[in-house]
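# Survey of secondary and tertiary structure
Here is how the chains run, residue by residue.
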Amino acid sequence: MDRTAQLTAHALSYAPPDALPVRAARVLDANWTGASTVPSRSLYPHQWSWDSAFIAIGLRHLSPLRAQTELESLLAAQWTDGRVPHIVFNPSVPLDAYFPGPDFWRSTTAGRAAGAPRTVQTSGIVQPPVHALAAWLVHRADPGLSHARGFLARVYPRLAAWHRYLLRRRDLGGGGLVSVVHPWEQGMDNSPCWDAPLARIDPAPARSFRRADLDHGAPEDRPTDLDYGRYVRLAVEYRDARYADGHGEFAVEDPSFNALLIASEHALAHIAAELGAGSAARHARAERLTSALVERLWSAESGMFLCRDVSGGELIPERGVSGLIPLLLPTLPGELVTALVRTLTGPHFGLGGVTRLVPSYDLLGEAFDPHRYWRGPAWFNTSWLVERGLRLHGERAPADALGAALLELAEASGFAEYVDPFTGEACGATGFGWTAALALDLHQRMLDRPG
């Protein structure tokens with residue numbers, strides 16, 4: 001156990017047993033496998049890419065060593081083309097515990113040309129690139145330990161290769177932004193923002209797959225069989241194309257995915273400077289990406305960023321929480337920040353009025369559902385990102401209110417996967433990894449904040 005973890009354990013031993021940090025730490029301990037943290041023991045029993053990044057951000061307050069290990073174990077499964085897979089499979093978990101499992105993705109065979117690792121099974125798609133931001137925050141939690149272990153020196157080349165893969169291989173629209181080739185890559189799997197581009201996809205027959213997710217969640221809260229069949233069809237076609245990019249029927253430029261890449265590019269610049277390398281080029285790249293994001297995805301009419309369907313070239317007229325995440329960006333023009341805050345607190349998302357956390361989809365949208373996966377419920381990771389963005393731009397009152405609501409509802413819901421945006425009722429799995437981790441992070445930041 002590293003020194004900081006020992007001190008934290010000592011401090012927690014004197015905290016009330018029902019205090020938020022203690023309860024959050026128990027969730028993270030229960031989900032720890034020895035090298036990484038599962039999102040949920042029942043529903044998601046493997047390692048997920050952006051989950052591990054968010055979990056590391058919270059773990060840094062309990063054990064910087066474990067937080068570093070979380071990221072290192074994920075990056076150890078990186079493919080040689082640079083991609084970081086969205087799932088790293090635990091071989092001790094039964095094959096039928098999760099679908100699609102390693103026997104579906106066939107990474108060691110179908111992914112051989114793209115450089116999939118031979119000693120571990122992974123998926124072939126990716127998830128949002130929040131990892132460099134996580135690595136920088138983890139380093140800052142205990143710089144001495146980080147330097148002693150050579151943490152940044154070891155993860156920097158892998159993170160640089162990850163960004164290089166996205167920027168060189170995934171600019172499918174030709175405008176400088178990264179495209180996702182599957183809804184699962186963006187992380188907000190079942191968002192109505194995907195409905196139009198998914199409508200072109202012929203679904204896989206229902207008899208060709210078994211949905212393990214329905215063993216752990218109510219069908220009315222999960223994606224429909226039709227949507228799931230389309231997800232499977234896209235994944236099969238990508239796998240059968242040996243995970244080559246640029247040939248599929250689904251390609252979407254998403255504001256959240258690209259905003260997280262930009263935030264991580266700024267973080268990678270800080271890491272480079274810490275290692276004595278040049279950082280100016282990375283900051284400049286982040287600025288070019290910010291300009292491209294505004295040029296290609298900003299909708300003045302909607303008052304927020306929208307997704308762009310690369311196949312048709314049009315913006316998708318659906319307001320999802322993804323379009324609010326660019327608040328994270330430090331050089332976003334002030335008039336866009338003002339418009340985003342107005343949209344966030346207005347009738348479409350209702351923050352501070354009818355909702356306390358940020359709903360995942362437009363309250364006034366035809367597809368809104370307060371319980372169905374990413375079609376309306378509020379998620380803790382997206383609210384954490386929005387809180388961070390509000391605070392960055394000096395929007396202290398809404399940031400304080402959102403932060404307080406996040407902490408209260410995380411604890412009251414048993415650290416749920418997501419909640420009803422109106423009532424705070426727990427939905428999905430409880431004891432969810434990133435909910436516990438991000439509540440812990442926000443709790444600690446509020447303690448550290450002066451005033």
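Above this text sits the structure in question.
To keep things clear, this report deals only with the structure shown in the data block. Here the residue numbers are simple positions, counted from 1 along each chain's written sequence. Side-chain atom pairs in this predicted model are given and counted only at pLDDT of 80 or more, local residue features only at pLDDT of at least 70, and totals for whole chains, interfaces and linings cover all residues. With hydrogens and water excluded, all non-hydrogen atoms of the structure serve as input to the side-chain values.

In terms of helices and strands, the protein carries 18 helices and ten strands. Just to be clear, the radius of gyration here is over C-alpha atoms, and the globule rule we use is 2.2 Å times residues to the power 0.38. Here the C-alpha atoms of the protein give a radius of gyration of 20 Å, agreeing with the 22 Å that 2.2 N^0.38 yields for 451 residues. With respect to the principal axes defined by its C-alpha atoms, the protein has extents near 55 × 50 × 50 Å. For every residue, the accessible area obtained with a 1.4 Å probe (protein chains only) is divided by the maximum for its type, and the residue is called buried under 20%, exposed over 50%, and partly exposed between those limits. Counting only residues that meet the buried cut, the protein has 61% of its 451 residues in that class. Any two residues whose heavy atoms approach within 4.5 Å are treated as being in contact. Here the contacts in the protein between residues at least 6 apart in sequence split such that 69% fall between residues at least 24 apart. Accessible surface, the protein as shown: approximately 16500 Å² in total, 52% of it carbon and sulfur. Counted charges follow a simple rule, with Lys and Arg positive, Asp and Glu negative, and His plus the chain ends left uncounted. In plain terms, the charge of a residue is placed at NZ if it is Lys, CZ if Arg, CG if Asp and CD if Glu. Averaging the positions of the 42 positive and the 49 negative side-chain charges in the protein gives two centres separated by 7 Å. The numbering of helices and of strands both runs from the N terminus, where a helix is a DSSP run of H or I of at least 4 residues and a strand a run of E of at least 2. The method behind every accessible area is Shrake-Rupley, applied with a 1.4 Å probe, and residues are considered shielded solely by the protein chains displayed.

Between Lys or Arg on one side and Asp or Glu on the other, a salt bridge is scored when a side-chain nitrogen of the former is within 4 Å of a carboxyl oxygen of the latter. Under the criterion given, the structure shown has 22 salt bridges. One salt bridge in this structure joins D441 and R60, with 2.7 Å as the shortest N-O distance. Of this pair, D441 sits in helix α18 (residues 433-448) while R60 sits in the loop between α3 (49-59) and α4 (64-75); the two residues are 381 residues apart in sequence, bridging distant segments of the chain. Both residues of the pair, D441 and R60, count as buried. With a closest N to O distance of 3.2 Å, R149 and E72 form a salt bridge. A residue pair is termed long-range when its members are at least 10 positions apart, and R149 in helix α8 (residues 143-149) and E72 in helix α4 qualify at 77 residues. Look at E72 and you get buried, because its relative accessible area is 16%.

As for its position among the elements, E70 is in helix α4. For the buried E70, no salt bridge exists, and the shortest N-O distance to an oppositely charged side chain is 6.9 Å, to R66. Those residues in contact with E70 that lie beyond four places of it in its chain are W32, A35, S36, T37, Q47, S52, I55, A56 and L59.

Turning next to empty space enclosed by the protein. A pocket here means an open set of points on a 1 Å grid, computed over the protein atoms alone, that has protein on both sides within 12 Å along at least five of seven lines. A cavity is instead a set of points where a 1.4 Å probe fits but cannot get out; residues with an atom within 4 Å of a point line either one. Grid points are joined across faces, edges and corners, and a volume is the space filled by probe spheres set on the points. Enumeration over the complete set of coordinates arrives at two cavities of 30 Å³ or more. Estimates place the volume of the second largest cavity at around 50 Å³. If you go around the second largest cavity, the residues you meet are Q186, M188, S191, C193, W194, D254, C307, G320, V321, S322, S360 and W374. Among the residues making up the lining of the second largest cavity, the classes are represented as six nonpolar, five polar and one charged. Asp, Glu, Lys and Arg are counted as charged, while Ala, Val, Leu, Ile, Met, Phe, Trp, Tyr, Cys and Pro are counted as nonpolar; the rest, among them Gly, fall into the polar class.

Right, let's get into the packing of aromatic side chains. Centres within 6.5 Å make a pair out of two Phe, Tyr or Trp rings, where for Trp the six-membered ring is used; the pair is then stacked when the planes are under 30 degrees apart, edge-to-face when over 60, and tilted otherwise. Applying the stated rule across the entire model yields 26 aromatic pairs. With centroids separated by 5.5 Å and ring planes inclined at 70°, the aromatic side chains of F99 and F104 adopt a geometry described as edge-to-face. Take F99: its relative accessible area is 15%, and that puts it in the buried class. With 4.9 Å between their ring centres and 70° between their planes, W298 and F305 make a pair best called edge-to-face. Like W298, the residue F305 is buried in the burial classification. Lying across the ring of W32, R66 places its NZ or CZ 4.2 Å from the centre. Definition used: whenever NZ (Lys) or CZ (Arg) falls within 6 Å of the ring centre and also within 35 degrees of the ring normal, the charge is taken to sit over that ring. Sitting over the ring of F104, R239 keeps its end group 5.1 Å from the ring centre.

Here we take up the environment of E387. Residue placement: E387 occurs in helix α16 (residues 380-392). Along the sequence, E387 and D400 sit 13 residues apart, while their C-alpha atoms lie 7.9 Å from each other. Leaving out residues up to four positions away in the same chain, E387 has contacts with A399, L402, G403, L442, R445 and R449.

The next thing to look at is the layout of surface pockets. Estimates place the volume of the largest pocket at around 520 Å³. Residue lining of the largest pocket: 18 residues in total, with L133, W136, L137, R140 and R388 positioned closest to the centre. Of all the secondary-structure elements, those providing two or more residues to the lining of the largest pocket are α7 (131-141), α13 (255-274), α16 and α18. Across the lining of the largest pocket, the residue classes break down as eight nonpolar, four polar and six charged.

We now examine the side chain of E387. Looking at E387, the relative accessible area reads 0%, which means it is buried. Under this definition, polar contacts are N or O atom pairs within 3.5 Å; protein pairs additionally need one hydrogen-donor-capable and one acceptor-capable atom, and for neighbouring residues in sequence, both atoms have to be side-chain atoms. Among the polar contacts made by the side chain of E387, one reaches the side chain of R391 at a distance of 2.8 Å.

Fitting a line to C-alpha atoms yields each axis, with helices limited to the stretch in contact; the angle taken between N-to-C directions then spans 0 to 180 degrees. Their axes nearest at 7 Å, the elements α3 and α18 cross at an angle of 30°. Two packed elements cross with a definite hand, and for α3 against α18 that hand is left-handed. Together, W50, D51, F54, I55, I57 and G58 of α3 and G433, W434, A437, L438, L440 and D441 of α18 make up the contact between the two elements. Residue composition of the contact of α3 with α18, grouped by class: eight nonpolar, two polar and two charged. Left-handed is the label given to a crossing in which the near helix is rotated counterclockwise from the far helix by less than a right angle, and right-handed is the label when the rotation is clockwise.

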